[in-house]
Amino acid sequence: MTDPTDIAPCVRPLRFDAAHPSFAGHFPGRPIVAGVLLLEAVASALREWRGLAVRQVIDAKFLAPLLPEEDAEIELAAIDGARFRFTIRRATETLARGTIEGAA
């Protein structure tokens, strides 16, 4: 867990193995990483970074799909003590962004 007064953003790598069970149904023949998995990865990054759980997803916008075996990254930045902006990127392309609220 990082010091909660630290204002530096958190950046974590993101990659889903092609063998992940969700790809069998999302979507057969053209698998993409489900939005719920992306949000779970954001929640995991918040837990590792600040030791907080996600209380709520305030807003989330999914702009482009993440495919199996693609490298991406999650960036979290504090808005205040409880709210955080997240961005998921593949290289320079933004795949998803939004705001979450954390809770101890």
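Before reading on, note that the structure itself is shown above.
Since we're looking at a predicted model, the values are computed, not measured.

Colleague: How should I be thinking about the overall build of the protein in this particular structure?
Modeller: When you go through the protein residue by residue, the secondary structure sums to 1 helix and 5 strands. The helix and strand sequence of the protein, counted from the amino end, reads β-α-β-β-β-β. Taken over the C-alpha trace, the protein has a radius of gyration of 14 Å; the compact-globule value for 104 residues is 13 Å, and the two agree within 12%. Counting over 104 residues, the protein shows a buried share of 35%. Sequence separation of at least 24 residues holds for 64% of the intrachain contacts in the protein that already meet a minimum separation of 6.

Colleague: Where do I start with the packing of aromatic side chains in this structure?
Modeller: All told, the structure shown has 1 aromatic pair when counted by the stated rule. Here the aromatic rings of Trp 49 and Phe 84 are separated by 5.7 Å at their centres, their planes lie at 70°, and the arrangement is edge-to-face. In this pair, Trp 49 sits in helix H1 (residues 35–50) while Phe 84 sits in strand S4 (residues 83–90), placing the two residues 35 residues apart along the sequence. When sorted by exposure, Trp 49 lands in the same class as Phe 84, which is buried. The positively charged end of Arg 50 is found above the aromatic ring belonging to Trp 49, 4.0 Å away from the centroid.

Colleague: What is the right way to look at the environment of Gly 102 in this model?
Modeller: For Gly 102, the position within the fold is in strand S5 (residues 93–103). The spatial distance from the C-alpha of Gly 102 to the C-alpha of Leu 46 is 7.9 Å, given a sequence separation of 56 residues. If sequence neighbours within four positions are ignored, Gly 102 has contacts with Leu 46, Leu 52, Ala 53, Val 54, Arg 55, Ala 82 and Phe 84.

The rules behind each value
Residues numbered from 1 in each chain as written. Predicted model: local features only at pLDDT ≥ 70, side-chain atom pairs only at ≥ 80, totals over all residues. Heavy atoms only, no water. Helix = DSSP H or I, 4+ residues; strand = E, 2+ residues; numbered from the N terminus. Rg over C-alpha atoms; globule rule 2.2 N^0.38 Å. Buried < 20%, exposed > 50% of the residue type's maximum accessible area, 1.4 Å probe, protein only. Contact = heavy atoms within 4.5 Å. Phe/Tyr/Trp six-rings, centres within 6.5 Å; stacked < 30°, edge-to-face > 60°. Lys NZ or Arg CZ within 6 Å of the ring centre and 35° of its normal.

The analysis is restricted to geometry; functional conclusions fall outside its scope.
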